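Take a look at the letters that make up each chain.
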Amino acid sequence: MESYIQEAAENKTQIIVFPEDGIYNFDYFTTRDEIKPYLEEIPVMDNYIPCKIGNYDTQLVLTTISCFAIEYNMTIVVDMGEIEYCSLNDDKFYVNTTTKCPEDKRFQYNTQVAFSSSGEVLSKYRKTHLFPVDLDVFNYPPNYQLSYFKTDFDVVFAQIICFDIFFQFPSVELSRLNITDFAFSTYWNNFGTSPLMISIQLQSSFSRATQSNLLGSNIGDGFISSGSGIYSKGNPLNYYINPVYKTLDSKLIIADVPIISRYSDIEDNIKRYEEENVMKNEDIKSNFSSPISFPEHATFYRFNATSNLSLTKTLTNKDLVCNFNLTTLSYENNDDNNLYSLVSYQGPYFGNLLSASLCSIIKCRDTSLDSCYLPTLFTNENIKFHSWNVTANFNKHSTTPYFIAGRNKGALLNSDQIYSSLSDNSVSMYNNNYDLDLLNIVLYSEYIP
């Protein structure tokens with residue numbers, strides 16, 4: 001870790017963000033007791049500088065990172081494990097919630113912590129939307145809050161972790177409160193979504209949807225969990241994805257990020273929001289009922305992207321209507337791997353962890369029809385799409401739409417290669433006259449019935 005901080009300091013970096021689960025290596029733990037020795041209590045109080053206290057025995061991570069922040073004069077954001085002890089008869093933790101102290105008398109959280117360049121703990125954020133494997137070792141926070149911190153270079157950053165990015169709360173709500181910069185730690189499984197939504201695609205699409213700057217840090221253990229980047233209003237300023245399976249290839253990504261000006265009192269906005277919207281963990285939890293796979297009952301239309309193709313198609317699924325228009329250029333080897341699928345879907349997603357509406361164009365893994373259910377990273381680069389347009393009738397139950405698009409090996413499209421439009425009853429994303437290979441196009445929105 002220190003080598004990356006040192007390299008960042010040599011490049012006059014002001015803030016660095018580290019990935020989710022990177023400090024305690026989540027893959028090695030399957031029980032609460034196994035991970036417990038790697039968890040620390042994380043106080044948040046005025047002028048709390050762990051480095052000056054020097055409690056290495058019980059707060060090794062907090063103290064070490066605090067000292068790094070001072071030594072390298074840098075704001076540092078890390079994801080770490082937190083422990084909070086409780087009593088079975090003590091209700092002080094449980095305001096506005098039905099959560100009770102666990103039987104082992106401790107809460108365990110997946111927590112992102114921000115340190116100032118003077119080593120002070122600025123803020124901590126407990127992951128709101130836990131993935132099923134998280135629940136083996138971590139708890140939902142009893143009460144949910146919108147977390148942010150202000151740096152000494154006068155920029156306010158919101159804090160989100162991994163799966164949070166799919167949801168309206170807290171991610172999009174923070175942007176609506178006029179926060180324009182996000183620190184995002186993640187352990188993203190690139191083959192965990194169907195249709196395919198790669199880490200860097202979600203990062204750039206969130207930045208585009210919220211018109212914000214996002215610093216996205218992924219764990220990077222080969223392609224399955226690779227993909228980090230820095231984005232401004234959807235435009236990738238610098239990003240990296242490792243296309244090789246299970247090959248560690250860590251990178252430090254650095255970029256100059258423009259300041260986005262919005263004039264509002266952020267603290268007053270958040271205080272007002274929290275007073276009006278008391279979020280309890282029973283409001284957030286959902287029941288995970290099935291393995292992650294392609295959503296059941298989706299509507300498909302498979303086609304071969306042949307030379308000089310012109311295709312117009314409408315697919316419906318429940319109340320969702322998806323309209324597709326696309327054309328290809330002339331190319332040889334028409335019998336090569338050119339199978340794609342159009343998808344329309346509205347309903348439970350990620351095994352009932354949320355509900356979603358989505359319209360998608362996806363590359364199938366090979367020439368078999370069943371391969372359209374399987375994610376792939378590779379396209380036939382001979383096939384160039386001259387234009388495409390995807391329109392959805394996202395209604396009042398749909399939240400802020402994400403515009404997701406990718407090319408061969410997960411390469412991103414630049415912001416000037418994706419156009420979008422929104423009206424009261426429809427959302428569109430399109431591309432004209434760029435002649436690009438195409439891996440996937442997804443119009444996504446969380447659906448709140």
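The present account deals with the structure reproduced in this document. These numbers were taken from a predicted model, which means no experiment stands behind them.

## Here's the deal with the overall build of the chain
Move 1: What the chain contains, in helices and strands, is eight helices and 20 strands.
Move 2: Here the C-alpha radius of gyration of the chain, 22 Å, is about what a compact globule of 449 residues would show, namely 22 Å.
Move 3: Projected onto its principal axes, the C-alpha positions of the chain cover 70 × 50 × 45 Å.
Move 4: Put simply, of all contacts in the chain between residues at least 6 apart along the chain, 70% involve residues at least 24 apart.
Move 5: Of the roughly 19300 Å² of accessible surface on the chain, a fraction of 45% belongs to carbon and sulfur atoms.
Move 6: Taking the 31 positively charged and 52 negatively charged side chains of the chain as two groups, their mean positions are separated by 4 Å.

## What to know about the pairing of strand 15 (residues 354–363)
Move 1: Extensive coverage of strand 15 is indicated by the burial of nine of its ten residues.
Move 2: Taken together, the ten bridges between strand 14 (residues 339–349) and strand 15 define a ladder with antiparallel strand orientation. Across the sheet, Leu 342 pairs through a bridge with Ile 361, a residue of strand 15.
Move 3: Count of turn residues in the strand 14/strand 15 antiparallel hairpin: four residues, of which Phe 350 carries a positive phi of about 50°.
Move 4: Taken together, the seven bridges between strand 15 and strand 20 (residues 440–446) define a ladder with antiparallel strand orientation. Its bridge partner lying in strand 20, Leu 358 is registered against Tyr 444.

## Brief notes about helix 5 (residues 168–176)
Move 1: Burial of helix 5 is extensive: eight of the nine residues sit out of reach of the surface.
Move 2: Taken together, the buried positions of helix 5 are Gln 168, Phe 169, Pro 170, Ser 171, Val 172, Glu 173, Leu 174 and Ser 175.
Move 3: Looking one or two residues past helix 5, Asn 178 carries a phi angle of roughly 75°, positive in sign.

## Here we look at the state of the cysteines
Move 1: Tallying each qualifying case throughout the model produces four disulfides.
Move 2: The disulfide bridge from Cys 86 ends at Cys 101, spanning 2.0 Å between sulfur atoms. The chirality of the disulfide connecting Cys 86 with Cys 101 is right-handed, given an S-S dihedral of about 80°. Note that Cys 86 is positioned in the loop between strand 2 (75–85) and strand 3 (106–115) and Cys 101 in the loop between strand 2 and strand 3, a separation of 15 residues in sequence.
Move 3: Each bonded cysteine of the chain gets a number by its place in the sequence, and the pairs then read 1-2, 3-4, 5-6, 7-8.

What counts, and at which threshold
- Residues numbered from 1 in each chain as written.
- Predicted model: local features only at pLDDT ≥ 70, side-chain atom pairs only at ≥ 80, totals over all residues.
- Heavy atoms only, no water.
- Helix = DSSP H or I, 4+ residues; strand = E, 2+ residues; numbered from the N terminus.
- Rg over C-alpha atoms; globule rule 2.2 N^0.38 Å.
- Contact = heavy atoms within 4.5 Å.
- Areas by Shrake-Rupley, 256 points an atom, 1.4 Å probe, with all protein chains shown as cover.
- Lys, Arg positive; Asp, Glu negative; His and termini not counted.
- Charge placed at Lys NZ, Arg CZ, Asp CG, Glu CD.
- Buried < 20%, exposed > 50% of the residue type's maximum accessible area, 1.4 Å probe, protein only.
- Pairing = 2+ DSSP bridges.
- Disulfide = S-S within 2.5 Å.

So yeah, pure geometry; function would need other evidence.
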